[in-house]
Amino acid sequence: MKMSEIVTQIGFDLGLPTSDNVESQQIEQAVQIAFRELKRYIKNPVDKTVPFSTRIKLSDVGIITRKVLYVYASRPRIGLTMSTIDSGNVFQVAAAVNVYSSIGNTASINIDPIMTEMAMAQVRNTLSTDFQWKYDLDNDVVYVTHRDPRPTHVTIRYVPDYQDVSEIKSLTWQDYLIRLAEAHMKKSLGRARSKYTIEGSNVSLDGNILLDEANAELEQIREELQQKKTNMVVLN
């Protein structure tokens, strides 16, 4: 949803004349306050594949985040050499080994060299891994190292740091944003309308009622969000 759409809906829900420039600006401010608060609870991970580099500047590849969860080679090499062996190509290596025997003109497989090479590969991978990465939050950089041959691309899994309300695509989070913004707007209106009282007047403002409603709604929404945050498990 765009900012203008959210402002229109909140103005309608609260019975405010959103055509008035002052009221619209106040609602936009309430939306921004709610947006900043809501971002702390949005932890949905996103994957993006970028060209491989030993130093990846995240903003240069269109990634805005403050939390990188995982980095991995998006197009891993699959070869028949034992130095690159892993659980995915063990059977390919074994199938590719065919030692010819002149006795009886039949083919036989000598398993000892295979097992020896597998053991050596396991030792090499234990001493030094193929792929390593480190996230530098202060400089907005991911450092990547990989043994030759290097992959052409890497995939970065991260929690996006949204910069605008229109970036929120989930209907659930959009609903929370509107509810939070309405509560903040009620709180602002309640304070403004309860500043002054005219004794003896037959007309009274609903400032105190709006304040009570706003505080109750904010407490309820924050409890829901905290529970949602506690129950959320991010799978890498």
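Placed above this text is the structure.
Let us look at the structure shown here. (Residues numbered from 1 in each chain as written. Predicted model: local features only at pLDDT ≥ 70, side-chain atom pairs only at ≥ 80, totals over all residues. Heavy atoms only, no water.)

**Section: the environment of Phe131**
Then comes step 1: Inspection of the secondary structure assignment puts Phe131 in strand 6 (residues 131–136).
Then comes step 2: Phe131 sits 59 residues away from Tyr72 along the chain, and the two C-alpha atoms are 7.5 Å apart.
Then comes step 3: Beyond its immediate chain neighbours, meaning those up to four positions away, Phe131 contacts Val71, Tyr72, Ala73, Val144, Thr145, His146 and Val154. (Helix = DSSP H or I, 4+ residues; strand = E, 2+ residues; numbered from the N terminus. Contact = heavy atoms within 4.5 Å.)

**A short note on helix 5 (residues 171–193)**
Then comes step 1: Counted at 1.5 Å a residue, the expected span for helix 5 with its 23 residues is 33 Å, and the 33 Å between its end C-alpha atoms agrees.
Then comes step 2: The N-cap of helix 5, judged by a side-chain oxygen 3.3 Å from the amide nitrogen of Thr172 a few residues on, is Ser170. (Expected span 1.5 Å × (residues − 1). Polar contact = N/O pair within 3.5 Å; in protein donor to acceptor, adjacent residues only side chain to side chain.)

**Details of the pattern of salt bridges**
Then comes step 1: For the structure on display, the rule yields six salt bridges.
Then comes step 2: Across the salt bridge formed by Arg222 and Glu37, the nearest N and O atoms sit 2.6 Å from each other. One end of the pair, Arg222, is in helix 6 (residues 207–231); the other, Glu37, is in helix 2 (residues 21–38), and 185 residues separate them in sequence.
Then comes step 3: Here Arg222 falls in the partly exposed class, since its relative accessible area comes to 34%.
Then comes step 4: Accessibility expressed as a relative area gives 7% for Glu37, which makes it buried.
Then comes step 5: Residues Arg179 and Glu224 are paired through a salt bridge, measuring 3.1 Å at the closest nitrogen-oxygen approach. You can see Arg179 sitting in helix 5 and its partner Glu224 sitting in helix 6, a full 45 residues away along the chain.
Then comes step 6: By relative accessible area, which is 32% here, Arg179 ends up partly exposed. (Salt bridge = Lys/Arg side-chain N within 4 Å of Asp/Glu carboxyl O. Buried < 20%, exposed > 50% of the residue type's maximum accessible area, 1.4 Å probe, protein only.)

**Some words on the packing of aromatic side chains**
Then comes step 1: Counted by the stated rule, this structure contains three aromatic pairs.
Then comes step 2: Taking the centre distance of 5.8 Å and the plane angle of 35 degrees together, the rings of Tyr70 and Tyr72 count as tilted.
Then comes step 3: Judged by its relative accessible area of 38%, Tyr70 is partly exposed.
Then comes step 4: By relative accessible area, which is 28% here, Tyr72 ends up partly exposed.
Then comes step 5: Ring centres of Trp173 and Tyr176 lie 5.9 Å apart, and the angle between their planes is 40 degrees; on these two criteria the pair is classed as tilted. (Phe/Tyr/Trp six-rings, centres within 6.5 Å; stacked < 30°, edge-to-face > 60°.)

**Some details on the sheet that holds strand 6**
Strand pairing in a sheet takes place through backbone hydrogen bonds and is either antiparallel or parallel in direction.
Then comes step 1: One open sheet accounts for three strands, arranged 2-7-6; its pairing is antiparallel. In this open sheet, the two edge strands, each paired with only one partner strand, are strand 2 (55–57) and strand 6. Within this sheet the neighbouring strands show an average axis-to-axis angle of 20 degrees, counted without direction.
Then comes step 2: Inspection of the sheet shows strand 6 paired to strand 7 (residues 141–146) by six bridges, in the antiparallel sense. Across the sheet, the residue bridging to Gln132 is Thr145, located in strand 7. (Pairing = 2+ DSSP bridges. Axes fitted to C-alpha atoms, helices over the stretch in contact; angles between N-to-C directions.)

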